[in-house]
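Coordinates in review
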Amino acid sequence: MPANVPSKIAFLDGEISGLRTRIGTTGNAVQRNKMEMLSDIRSDYAKSLEAVMRRELEEGRE
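First, a word on scope: everything that follows refers to the structure included in this document. Model, not experiment: these values are computed from the prediction.

Looking only at helices and strands, one finds 2 helices and 0 strands in the chain. Dimensions of the chain, computed from C-alpha atoms along their principal axes, come out at roughly 55 × 15 × 15 Å. The buried share of the chain, taken over its 62 residues, is 18%. Accessible area for the chain stands at about 4800 Å²; split by element, carbon and sulfur atoms hold 53% of it.

See the structure below:
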């Protein structure tokens, strides 16, 4: 797992936050799809990071 994953997650958080602000209550389908895509990518990065951290903790206990 690359060491820059936390920075990628932070970047995606910023992008998602900015997109939410721009969309407001009148967003179009393209903006909503982009938001969903970015959220999915962010979720995948977070899950990967959690798995690596969990694996490292387990290896440290052995």
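Following the structure, the description resumes.
Before going further, it helps to examine the pattern of salt bridges. Opposite charge on two side chains allows them to pair when their charged atoms are near. A complete count under the given rule lists 1 salt bridge for this structure. Where Arg42 meets Asp13, a salt bridge forms, and the shortest distance between an N and an O atom there is 2.5 Å. Pair noted here: Arg42 is in helix H2 (residues 29-61) and Asp13 is in helix H1 (residues 5-23), with a separation of 29 residues, a long-range link. Take Asp13: its relative accessible area is 34%, and that puts it in the partly exposed class.

The α-helix winds at 3.6 residues per turn, so residues separated by three or four positions along the chain end up facing the same way. For H2, spanning 33 residues, the distance from its first C-alpha to its last is 48 Å, which sits close to the expected 48 Å at 1.5 Å a residue. All of the buried residues in H2 are Met35, Leu38, Ala46 and Val52. Those residues of H2 that are buried lie in contact with H1. Where H2 begins, one side-chain oxygen reaches toward the backbone nitrogen of Val30, 3.0 Å away; that side chain belongs to Asn28.

Looking now at the nonpolar core. The biggest cluster of nonpolar side chains holds 6 residues, and these are Leu12, Ile16, Leu19, Ile23, Met35 and Leu38. Secondary structure elements with two or more residues in this core: H1 and H2. Ignoring any residue separated from it by four or fewer positions in sequence, one finds Leu38 in contact with Leu12, Glu15, Ile16 and Leu19.

This part covers the packing of H1 against H2. H2 packs onto H1 with a crossing angle of 155° between their chain directions and a minimal axis gap of 10 Å. With respect to each other, H1 and H2 are oriented roughly antiparallel. Crossing of H1 against H2: the hand is left-handed. From H1, Val5, Pro6, Lys8, Ile9, Leu12, Asp13, Glu15, Ile16, Leu19, Arg20 and Ile23 reach across to H2, where they touch Gln31, Arg32, Lys34, Met35, Leu38, Ser39, Ile41, Arg42, Tyr45, Ala46 and Leu49. Tallied by class, the residues present in the contact of H1 with H2 amount to 13 nonpolar, 2 polar and 7 charged.

Each value, and the rule that gives it
Sequence order as written defines residue numbering, which begins from 1 separately in each chain. In view of the model being predicted, local features appear only for residues whose pLDDT reaches at least 70, and side-chain atom pairs are presented and counted only at 80 or more, with totals across whole chains, interfaces and linings using the full set of residues. With hydrogens and water excluded, all non-hydrogen atoms of the structure serve as input to the side-chain values. The secondary structure listing takes helices from DSSP runs of H or I that are at least 4 residues long and strands from runs of E that are at least 2 residues long, numbered from the N terminus. Relative accessibility thresholds used throughout: buried, under 20% of the residue-type maximum; exposed, over 50%; partly exposed, between the two (1.4 Å probe, protein chains only). Note on areas: Shrake-Rupley with a 1.4 Å probe; residue coverage comes only from the protein chains shown. Every case where a carboxyl oxygen of Asp or Glu lies within 4 Å of a side-chain nitrogen of Lys or Arg is listed as a salt bridge. One less than the residue count of a helix, multiplied by 1.5 Å, gives the span that helix is expected to have. It only takes one pair of heavy atoms within 4.5 Å for two residues to be counted as in contact. Contacts described as polar in this section are N or O atom pairs within 3.5 Å, which, within protein, must combine one atom able to donate a hydrogen with one able to accept it, while residues neighboring in sequence count only if both atoms come from side chains. Grouping buried Ala, Val, Leu, Ile, Met, Phe, Trp, Tyr and Cys residues that are joined through side-chain atoms within 4.5 Å yields what is termed a nonpolar core. Each axis is a line fitted through C-alpha atoms, and for a helix only the stretch in contact is used; angles between axes span 0 to 180 degrees, taken between their N-to-C directions. Working rule for angles: under 35 degrees goes down as roughly parallel, over 145 as roughly antiparallel, 65 to 115 as roughly perpendicular, anything else as oblique. In this scheme the handedness of a crossing depends on how the near helix is turned from the far one: anticlockwise by less than a right angle means left-handed, clockwise means right-handed. Note that Gly is not counted as nonpolar here; it falls among the polar residues with everything else outside the nonpolar set of Ala, Val, Leu, Ile, Met, Phe, Trp, Tyr, Cys and Pro and the charged set of Asp, Glu, Lys and Arg.

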